[in-house]
Amino acid sequence: MKPRKLLLLSVVFLAQATALADGGAVQLRTEAGAFVITVFTSPAPLSAGPVDISLLVQNRDGLEPVLDADVLLALRAQPSRSEIRAQASRQKSQNKLLYAAPVTLVESGKWQIAVTILRNGERTAAAGTIDVAPTREMVASYWGYVAFPPFMIVAFVVRERLICRKERG
Amino acid sequence: MDPVAAAVLASWTLDLRAVCLLLVVASLYLRGWLRLRAELPHKYTAGRLAAFAGGLFALLSALASPVDAFGGLLLTAHMIQHLLLLMVAPALLLLGQPVLPLLRGLPRWVFKDALGPFLASREFRQVGRAMVHPVVSWLALASVITIWHMSPVYELALRSQAWHEVEHACFFWAAIMFWWPVVGVWPGHAVWPRWTMIPYLALADLVNTGLSAVLSFSDHVLYPSYQLAPRLWGISALDDQATAGAIMWVPGSIAFLVPAVILGMRALEAGRTRPLQRTTTRRSAVMRHIPAGKPWDLLRTPILGPILRYRHFRRCLQAAMLLLAGAVAVDGLFGPQVTPMNLAGVLPWTHWRGLAVIALLLAGNLFCMACPFTLPRDLARRVVAPRYRWPRRLRSKWIAAGLLATYLWAYEAFSLWDSPRATAWIILGYFIAAFVVDILFKGASFCKYMCPIGQFHFVHSLVSPLQVRVREPAVCGSCSTHDCIRGNGHQRGCELNLFQPKKLGNFDCTFCLDCVQACPTQNVGILTGLPGQSLREEHRGSGIGRLNRRPDVAALVLILVFGAFVNAAGMTDPVMMWMHRWHGRLRLGSMVPIMTAVYLCGVLIVPGILATACGWVSQCWKRETVTRKELACSFTLALIPVGFGMWLAHFSNHLATGWSSFVPAIERFLSRDASADYPPGPIPGWLPSVELLFLGMGLLLTLHSAWRVACRISEGRRRAVAVMSPWAVVAGALYSAGVWIVFQPMQMRGTMMMR
């Protein structure tokens, strides 16, 4: 196996990985003021570490998506009271009807989530609780990259055996 | 436009990695198609190209367009995505007859050396034939569609991103298998008569119709996730499900029935299948004689080539670097002694190191090309010519290896990275040393025998893809002046005594391009070569001899390889805490003794013991003509890639996390304002993946080089495996250590201002 092949295969391998998308599992759906607010989290199941929180804000009448609101998120860990504040925006989301905010949840357990929506000078708030599982092992998150060398070694061994067999035959 | 509609249409996510993959595939196809079109214009028409491009676009639309973004909220969008993956993309891709163009588009060595043994194997062909047998491919598609539309399995894909990707992969590859016999993809011949594809398609449509009917006429929501999802525009989950069923039914049936009709019409016209057999014969010839391509020459590229060939290009580059080095030294000596605020704390340790290793990976030894340290001595040599030759006894890498080990130790023991003033003194010391040595001694004695930075680049440029080398060896055969090494009236020759026709790899090459300028026939270029080729060769190279018989080079390599891991481990929390624990236990006044012990063991003693032990084990199976020294030196060279992988991972970590730090540091330097705000940069999420990839690639290249060395010095493959195994264990252990380091919390240690 030649080095440039390794490079090419690594590019192909790298390209197979996909980015974390917004959306994900519905964690909270509530009616507050004039809005229906749905909170999604990704990855599913939600675990401590970098996560993506996205929200769909709809008018209560007609369920039209609201696209011109300012959406603020406050997350508080119940065990340690550590708090994260973030502004969710449509620029950060794949689905442009959603407001997304990537945050890092530092610990597992129950987290209180508070959503504040500011629109036309009016303030609407909603709150709920989400369960966060313990952090996934980093090796588990990057298993594909760790498994890449052994996979290539096996492929190389098979290739050498095929060549050997051809030479004998 | 209505803002909601605009938002929907804007919901594209062009994932860089997916786009890169599609671009690579498209380029390969285009390259192969152009080559085949020259030979078989009637087969490789513009229509084939358009079909393949359309297939790629359909694939991109399925994975990156709003149908993907809305797939979790609307079953209708998800169904459109599935139809693109099942019906549109695979059929269009196969209509492009992609096998031969993709194979011909690959570089020759990939096709022949890497894929050749697999493609030629009996098992591969049998599996391939079985997979596209109409019975197997029909069952594959039918079962994939049926199973993935069952409620629990579909829910699994909706809840888990990983399973969602598995679902899409199943759809796409099962569809490729299904459409293969329908389209009649070359190479291969029809197992069944063409008319049998009509019932084949009709039966598949029956399965599709059955599933569509279930979705359309069900009186309850089959997939609970859509019940929970917020409803958009007042569309109920049940209406959404019925619409999805209708989409699956009508366009899905059209996708099956239209090809069936076309095949039926063609079946009525006799003799249409004969040209396929003629093409099969022609194909074999087309694939057998793939011409060897010429290496790519950087100096012949349109814009960069003339710039690089410009006579004063290197001087300009060095002058720019000299100015930068001057600014760094001035700021280091007189600026604030706060690392992230000082140019001497930021530019050398965060940017220069990271960019230098990336340049080594992508091109070659670009640092030495732009080296500012040799510019003052070059200017001085116009007035004072050096009189002495470098002492014969010192013509080795031992001094450089000692200096390198000392530098690695001093870096950690005296926290050079955290001391702008010390950094400035190192830079000034470098200028003075280069000046003094090269004013006294002829040639590039400092570069070749002393410079630790140069040695770092010489060693690692052995795995770089570009080499300064001869374009046409035959032209050099008729050369009698040898200007490339002797120089001539207007241009000096190679100062490092590398005679171009006998040059081996990049070792000791500073990319100064003196040989390029001196060659009267313009026969020297910057050409692509196989990275790491010279690690496994035993030829004598001009100016360097046989690398695999030089213990000084082996020592240098061992210091660099193990230094990479010790240096990176020193940044991790567990290692730092461990060192501090020992510091406390031994009640030492300073950390220097601990650091000294760690570096002595990690960079000198342990590598020395390991190399000796591995050499001792390996010699039991080697050929008698190979000495133990040669064996150990050869395998030590093979360790370079895994060490380089660690340097890349380490320095790219600093570069990626602190790349923006130069802006405030330069602003402060120019304005002399020390009160600016320095926000920490975000740590990119892709960083661990890239670091692991660097390490993995390094390990694979190391193992490959070791295997080639083992095959060369032992008789038979079994003995080769035995000879290389101790070195493979060392490489594996280094790789494991590297993976462990990547997953540890890193201390940025002064390269970032933390709030």
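Residues numbered from 1 in each chain as written. Chains lettered and ligands numbered in written order. Predicted model: local features only at pLDDT ≥ 70, side-chain atom pairs only at ≥ 80, totals over all residues. Heavy atoms only, no water.

Details of empty space enclosed by the protein
To find leftover empty space, a probe the size of one water molecule is rolled over the atoms.
Residues and elements named next belong to chain B.
Part 1: Tallied over the full model, the rule gives six cavities of 30 Å³ or more.
Part 2: Taken as a whole, the largest cavity spans an internal volume of roughly 160 Å³.
Part 3: Around the largest cavity, the lining comprises 19 residues; the ones closest to its centre are Arg 314, Cys 368, Thr 374, Cys 447 and Thr 510.
Part 4: Secondary-structure elements contributing two or more residues to the lining of the largest cavity are α19 (366–369), α20 (375–380) and α23 (445–450).
Part 5: Looking at the lining of the largest cavity residue by residue, the class counts come to 10 nonpolar, three polar and six charged. (1 Å grid on protein atoms, 1.4 Å probe; cavity = no way out; pocket = protein on both sides within 12 Å on 5 of 7 lines; lining within 4 Å. Points joined across faces, edges and corners; volume = space filled by probe spheres on them. Helix = DSSP H or I, 4+ residues; strand = E, 2+ residues; numbered from the N terminus. Nonpolar A, V, L, I, M, F, W, Y, C, P; charged D, E, K, R; others polar.)

Remarks on the sheet that holds strand β7 (residues 109–119) of chain A
All names here are of chain A.
Part 1: Strand order in the open sheet formed by four strands is β5-β4-β7-β8, with antiparallel pairing between adjacent strands. Since the sheet does not close on itself, it has two edges, and those belong to β5 (83–88) and β8 (122–132), each with one partner. With direction set aside, neighbouring strand axes in the sheet form an average angle of 20 degrees.
Part 2: As paired strands, β7 and β8 are joined by 11 bridges and run antiparallel to one another. Counted as the bridge partner of Ala 114 is Ala 127 from β8. (Pairing = 2+ DSSP bridges. Axes fitted to C-alpha atoms, helices over the stretch in contact; angles between N-to-C directions.)

Some points on the domain arrangement of chain B
Part 1: You can read the domains of chain B as domain 1 (3–288) and domain 2 (557–742).
Part 2: For domain 1 of chain B versus domain 2 of chain B, the distance between C-alpha centres works out to 44 Å. (Domains from an automatic or database assignment.)

Some remarks on the interface of chain B and chain A
How big an interface is tends to be stated in terms of accessible area lost as the parts join.
Part 1: Residue-level contacts link 58 residues of chain B with 52 residues of chain A.
Part 2: Of the roughly 5,100 Å² buried where chain B meets chain A, counting both sides, 69% is carbon and sulfur surface.
Part 3: Note that A:Glu167 and B:Arg717 form a salt bridge whose closest N and O atoms lie 3.6 Å from each other.
Part 4: Along the contact surface separating chain B from chain A lie eight residue pairs in polar contact (both at pLDDT 80 or more).
Part 5: Take the side of chain B that touches chain A: its biggest share by element is 13 residues, from helix α34 (residues 687–713) of chain B.
Part 6: Its residues assigned to classes, the side of chain B that touches chain A shows 36 nonpolar, 10 polar and 12 charged. (Contact = heavy atoms within 4.5 Å. Buried area = accessible area lost by both parts, 1.4 Å probe. Salt bridge = Lys/Arg side-chain N within 4 Å of Asp/Glu carboxyl O. Polar contact = N/O pair within 3.5 Å; in protein donor to acceptor, adjacent residues only side chain to side chain.)

Some remarks on the layout of surface pockets
All names here are of chain B.
Part 1: Estimates place the volume of the second largest pocket at around 1,200 Å³.
Part 2: As for the second largest pocket, its lining consists of 44 residues, of which Pro 348, Trp 352, Phe 367, Phe 373 and Ile 453 are closest to the centre.
Part 3: Take the lining of the second largest pocket: its biggest share by element is 10 residues, from helix α18 (residues 343–362).
Part 4: When the residues that make up the lining of the second largest pocket are grouped by side-chain class, the tally is 37 nonpolar, six polar and one charged.

A look at the side chain of B:His457
Residues and elements named next belong to chain B.
Part 1: Position of His 457 among the secondary structure elements: in helix α24 (residues 452–460).
Part 2: Judged by relative accessible area, His 457 falls into the buried class, the value being 2%.
Part 3: Those residues in contact with His 457 that lie beyond four places of it in its chain are Trp 352, Ala 356, Leu 360, Asn 365, Phe 367 and Cys 368. (Buried < 20%, exposed > 50% of the residue type's maximum accessible area, 1.4 Å probe, protein only.)

Some points on the packing of aromatic side chains
Part 1: Applying the stated criterion to the full structure yields 26 aromatic pairs over all chains.
Part 2: Consider the rings of A:Tyr142 and B:Phe743, whose centres lie 6.1 Å apart with planes at 35 degrees: the pair is tilted. Placement of the pair is A:Tyr142 in the loop between α2 (138–141) and α3 (143–168) and B:Phe743 in the segment after α35 (717–742), with the two residues belonging to separate chains.
Part 3: Accessibility expressed as a relative area gives 15% for A:Tyr142, which makes it buried.
Part 4: We classify B:Phe743 as buried; its relative accessible area is 13%.
Part 5: Look at B:Phe217 and B:Trp249: their rings are 5.9 Å apart centre to centre, the planes differ by 80 degrees, and that puts the pair in the edge-to-face class. Pair noted here: B:Phe217 is in helix α12 (residues 197–217) and B:Trp249 is in helix α14 (residues 237–268), with a separation of 32 residues, a long-range link.
Part 6: Cluster of aromatic residues (ring-pair linked, three or more members): B:Phe178, B:Trp179, B:Tyr200 and B:Phe256.
Part 7: The aromatic ring of B:Trp582 is capped on one face by B:Arg585, whose charged end is 4.9 Å from the ring centroid. (Phe/Tyr/Trp six-rings, centres within 6.5 Å; stacked < 30°, edge-to-face > 60°. Lys NZ or Arg CZ within 6 Å of the ring centre and 35° of its normal.)

Describing the environment of A:Phe148
Residue and element names in this part refer to chain A.
Part 1: With respect to the secondary-structure elements, Phe 148 resides in helix α3.
Part 2: Using a relative accessible area of 2% as the deciding quantity, one classes Phe 148 as buried.
Part 3: Taking the C-alpha atoms as reference points, Phe 148 and Thr 135, 13 residues apart in sequence, are found 23 Å from one another.

Considerations on the nonpolar core
All names here are of chain B.
Part 1: Ranked by internal contacts, the top residues of the largest apolar core, which has 133 residues, are Phe 373, Val 468, Ile 526 and Phe 635.
Part 2: In terms of residue count, α34 provides more of this core than any other element does, 14 residues in total.
Part 3: The residues contacting Phe 373, other than those within four sequence positions of it, are Phe 367, Ile 427, Tyr 430, Phe 431, Ala 434 and Ile 453.
Part 4: Listed in part, the 60 residues of the second largest apolar core include Tyr 29, Leu 83, Trp 138 and Ala 157. (Core = buried A, V, L, I, M, F, W, Y, C linked by side-chain atoms within 4.5 Å.)

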